Amino acid sequence: MKKGVTNKILKALYIAIVILFLYSPIALLIYRSFNFDGGNVFQAYKDFFVNNAAKEALKNSIIIAVLSACISTVIGTAAAVGISKYRNKKIKSAVMMVTNIPMTSPDIVTAVSLVLLFGMALTLIGVKDFLGFYTLLIAHITFEIPYVILSVLPKIKQMDVNLPQAAMDLGCTPLKAFFKVELPVIRTGVFTGFFMAFTLSIDDFVISRFTAGSYNTLPLFIYSAVRKGVPDYIYALSTIIFIVVFLCLIIKNVIGEKGSKEKKNGSKANNAVKAVAAILAVVVVVGVFCLPLFNAEKKETLRVFNWGEYISDGEDDTLDVIAQFEEETGIDVEYITYANNEELYAMISNGGITYDVIFPSDYMFERLLKEGYLQKIDKTKISNYNNISDTYKGIFEFDSVDDYSIPYTVGMVGVIYNTDYVKEIPEKSWDLLWSDKYKGEILMFDNPRDAFAISQFKLGLDINSDSLEDWQAAADELKNQKAVLKRYVNDEIFDIMQDGNAAVATYYAGDFLTMKDENEALEFYYPENDDGDLNTNQFIDVMCITKDSENIEQAHKFIDFMLREDIALANAEYICYASPNKTVLENPDYSYSKENDPYAYNILYPPELDGTKDFNTNLMFRHQSEDVINTMNFEWSSVKAFGGDTAALYVICVIIIFVLILMMAIKLYKRKTRKISEDYYKL
Amino acid sequence: MSRRGCRHTLQKLISAPYIVWAAIFVVVPLFMVIYYTFTDKNGAFTFENVSMLFTQENVSIMMISLAIALIATVLCLLVGYPLAYMISKMSSGGHTAMMLLMMLPMWMNFVIRTNAIYILTEAMGFSETYTAAILGMVYNFLPYMVLPIYSVISKLDNSLFEAAHDLGCTKLSVLSKVLLPLSMPGIVSGITMVFVPSVSTFYISQKLGGGMFATVGDKIEGLFMLTNNYNLGSAFSLVLLILIIISMAIMNKFTSDDDEGGMLL
């Protein structure tokens, strides 16, 4: 008796621990969605409801989920009914095998294979701008159908095969027999399939990431919004979704129980099925008719492809530059973001989506220009071109009169350290990033170009070296560094440094100021070489128009707009990088000017950037030969795969495999002995 | 007779849209992956992508992905099986509530969930490790293990266990001779549903592992989205597919012999 009680307590404890495990991150999310630092407790919720991009993404997700779930339910149910009639076992198993493919193959493989198909098929017929709504819809339908089939098929198997036959012998048409006899029996399977399809679609991230092009669904929006750390309104949004789903599931369960009680009432159920079928049909028809609308909308939009958080977007009472542009010109802007230059290049060179205005950095601009992906900018249409400071006009030797590029921001890379960890003032060198003293507390760039450059600066090598040995040496230095690193970062650096979770990092000067706003303990310096000269990367990000752009007028208007005094100021304030626009520095309202904030000014506008010293183009990245790029990428992946304490990992795996083999052996042995004894009994 | 035959063809015909769809969007893309694996940028035939897979780095990437996924799957099984069993033994209200609790986290966005776990691992001091990545996988995929096992166990007839008991089985032998063999189909599909996403995920390993090690998923994502090398990316995808087919075949060996088996999902 006592044993039973302890048993029960142990069971309850076990379940409680698992629930705690599953819900602690969710509790954290909900907790963070409320503002307990004074002010409005529901501030994050308010922010969500004014965030148009988030609402748009939510709407897009729902459109895709409803449409793809409806279409896959129709196709899938029909398929299941058909498949169940197959007599030929070989054909049947072949079809089922194909059905299993999207379910058992990894998301990423499904995504990649579809991208390859779309790429080849649509470029063959000459469609350039193909990734988007349709490809996303097709991809979602493709991975949803198998789930519908597999939830409908068992229901059909449970049904008496003679039922529809009997109905037809009694004079029903096959269609009528299906609706009157089969559908009512399999309807729970159809519903399950529909809901599974809907859920999978709403939550899908991997397949959408590859196939959505510029169509922004909620998971994709969240993915790009959380790069710098999760904004509070995203927590609010997840809390809302959580509560809505929670309520829906409860209601569904309550109704579900009621429903099962009323099951005997056949005609009612039949009516319900008809009603649902009718609604489904209407939704699908309306959806299909709506499709051309999405398409028509697309043609009039200007597509801007920019770095994440690289334009003033209306958050925290800043100016919403895109909305302002749309209002003033009546041009719709489709604004899409990327995380780094390589992603930009991949998107441009693979085609799939046509962008109009892009914002590459210096070396990537050079590459895109040399490979013919850009078109000339007509400067007579850029009336604000003279707002650009003379220092930055024609700064590229390969584009000496700014025919293809208009400067947007400039800046330099430096070292950020937390004075809570780093007590003494460090030397101005890169060695701090390799320092044993801060082992496990150092953050490093997670992209090859910046990471290699830092290694090259440290070793005193040319960052644009042609010699493969130089790149090799830099790679070795990066491998040496790995032992002291906490992790590689892109924009995750913001959260980690702001929360004081790392001692040393390297990033762009402007971003340091943003971090310092949140954490006073952070400090910054620009590394110098032994001669006291600046020894770090300087960059210029420029605005360009792509070769394939057909909205040339609008693109010029947009670039001109970005150079306008008030807009350039809003962007410079928001992005917090140095601006090549002289009207910004002359503006008395500019909060990072020499007068308003000397500390920030000295970091953003060191002598090399404000025109007092020459801009040293040797510190800028240049486009490299194919050989160098390949070497760099190859060496970077070997840096990423280098080291790490894998021994424990492999030992555990060997143990697991050993146990598995043992179990198999025991099973085989037992079967053998059983067979022997069976044979014995036969005798 | 002929009218019936005609009807049958008609009924079979309504699966035609799906057959066409699957042929175009499932079968052809797989051949595209194979085609890209064996060609270079200009479309010429080459074995280079395949041989690239066997460089030391790439082999270690694949080994690490496999190891992490294997450990995560075994952990999910060890945690999930007792849970599924306990849930199946609950009252009807109890297991509805538990199922609801298991499903609910799946509705939270995957990216946000993973970010929340990162915050927790950071607070507990083991962020950026293999352990963190494995924890993230267990967290994200545990429901995929519990649900299929639960649905198989809950359908088992209780009198089976009573009979075994009456015939002199100890608790342990009821478990090993009756419960485990009968729940094999659920275990197999649970393992499949956890192992496949674990071995191919890229966001979990990037976010929780901090880029300190690379996995096959990272590699494929990088090759497609950053370095623009579709051919090598396809080769990695093909490896992933073959790997999964092999492990599936091994799993099927475990079940298919004595029960009806072969049920993957």
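Scoring rules and cut-offs
- Residues numbered from 1 in each chain as written.
- Chains lettered and ligands numbered in written order.
- Predicted model: local features only at pLDDT ≥ 70, side-chain atom pairs only at ≥ 80, totals over all residues.
- Heavy atoms only, no water.
- Helix = DSSP H or I, 4+ residues; strand = E, 2+ residues; numbered from the N terminus.
- Buried < 20%, exposed > 50% of the residue type's maximum accessible area, 1.4 Å probe, protein only.
- Contact = heavy atoms within 4.5 Å.
- Areas by Shrake-Rupley, 256 points an atom, 1.4 Å probe, with all protein chains shown as cover.
- Patch = residues over 30% accessible without salt bridge, like charges linked within 9 Å, V, L, I, M, F, W, Y side chains within 5 Å.
- Salt bridge = Lys/Arg side-chain N within 4 Å of Asp/Glu carboxyl O.
- Lys, Arg positive; Asp, Glu negative; His and termini not counted.
- Charge placed at Lys NZ, Arg CZ, Asp CG, Glu CD.
- Phe/Tyr/Trp six-rings, centres within 6.5 Å; stacked < 30°, edge-to-face > 60°.
- Expected span 1.5 Å × (residues − 1).
- Core = buried A, V, L, I, M, F, W, Y, C linked by side-chain atoms within 4.5 Å.
- pLDDT = per-residue confidence, 0-100.

Let us look at the overall build of chain B. The number of helices and strands found in chain B is twelve helices and zero strands. The order of α-helices and β-strands along chain B, N terminus first, is α-α-α-α-α-α-α-α-α-α-α-α. The dimensions of chain B, computed from C-alpha atoms along their principal axes, are 70 × 70 × 35 Å. Looking at chain B residue by residue over its 265 residues, the buried ones come to 56%. The long-range share in chain B, meaning contacts at least 24 apart out of those at least 6 apart in sequence, stands at 68%. Of the accessible surface of chain B, which amounts to about 11000 Å², a share of 71% is contributed by carbon and sulfur atoms.

Together, A:K8, A:K11, B:K89 and B:K171 make up a positively charged patch on the protein surface. Along the polypeptide, B:K89 turns up in the loop between α4 (56–88) and α5 (92–103). The class for B:K89 is partly exposed, based on a relative accessible area of 37%.

Let us now look at the packing of aromatic side chains. All names here are of chain A. Throughout the structure, instances matching the rule amount to 59 aromatic pairs over all chains. Judged by centre distance (5.9 Å) and plane angle (70°), the rings of F42 and Y45 are edge-to-face. Judged by relative accessible area, which is 13%, Y45 ranks as buried. Here the aromatic rings of F359 and Y408 are separated by 4.8 Å at their centres, their planes lie at 75°, and the arrangement is edge-to-face.

To continue, consider helix α17 (residues 468–482) of chain A. All names here are of chain A. Taking 1.5 Å of rise per residue, the 15 residues of α17 would be expected to cover 21 Å, and the 21 Å separating its terminal C-alpha atoms lies within 8% of that figure. The complete set of buried residues in α17 reads D470, W471, A474, A475, E477, L478, K479, Q481 and K482. Where the residues of α17 are buried, they touch β6 (442–445), α16 (448–459), β7 (485–489) and α24 (626–641).

On to helix α14 (residues 341–350) of chain A. All names here are of chain A. Where burial is concerned, most of α14 is hidden: eight out of the ten residues are buried. Looking at α14, one finds that the buried residues are N341, E342, E343, L344, Y345, A346, M347 and I348. Of the residues flanking the end of α14, it is G351, one or two places downstream, whose phi is positive at about 70°.

It is worth spelling out the nonpolar core at this point. Counting 291 residues, the largest nonpolar core has A:F210, A:F359, A:V504 and A:F558 as its most contacted members. Top contributing element to this core by residue count: α4(B), with 15 residues.

Attention shifts here to the side chain of A:N51. Residues and elements named next belong to chain A. Relative to the helices and strands, N51 is located in the loop between α2 (43–50) and α3 (52–84). Judged by its relative accessible area of 16%, N51 is buried. Discounting residues that sit within four places of it in the chain, N51 has contacts with F221 and Y233.

So, about the environment of B:V50. Residue and element names in this part refer to chain B. Within the secondary structure layout, V50 lies in helix α3 (residues 48–52). In this structure, the C-alpha to C-alpha distance between V50 and A235, residues 185 residues apart in sequence, is 6.3 Å. Excluding residues within four positions of it along the chain, V50 makes contact with T37 and F38.

Attention now goes to the confidence of the model for chain B. All names here are of chain B. On average, residues of chain B carry a pLDDT of 86, and 92% of them reach 70 or more. Least confident of the elements in chain B is helix α1 (residues 2–13), whose mean pLDDT is 66; most confident is helix α2 (residues 16–37), at 94. Our summary of model confidence lists the complex with pTM equal to 0.87 and ipTM equal to 0.89.

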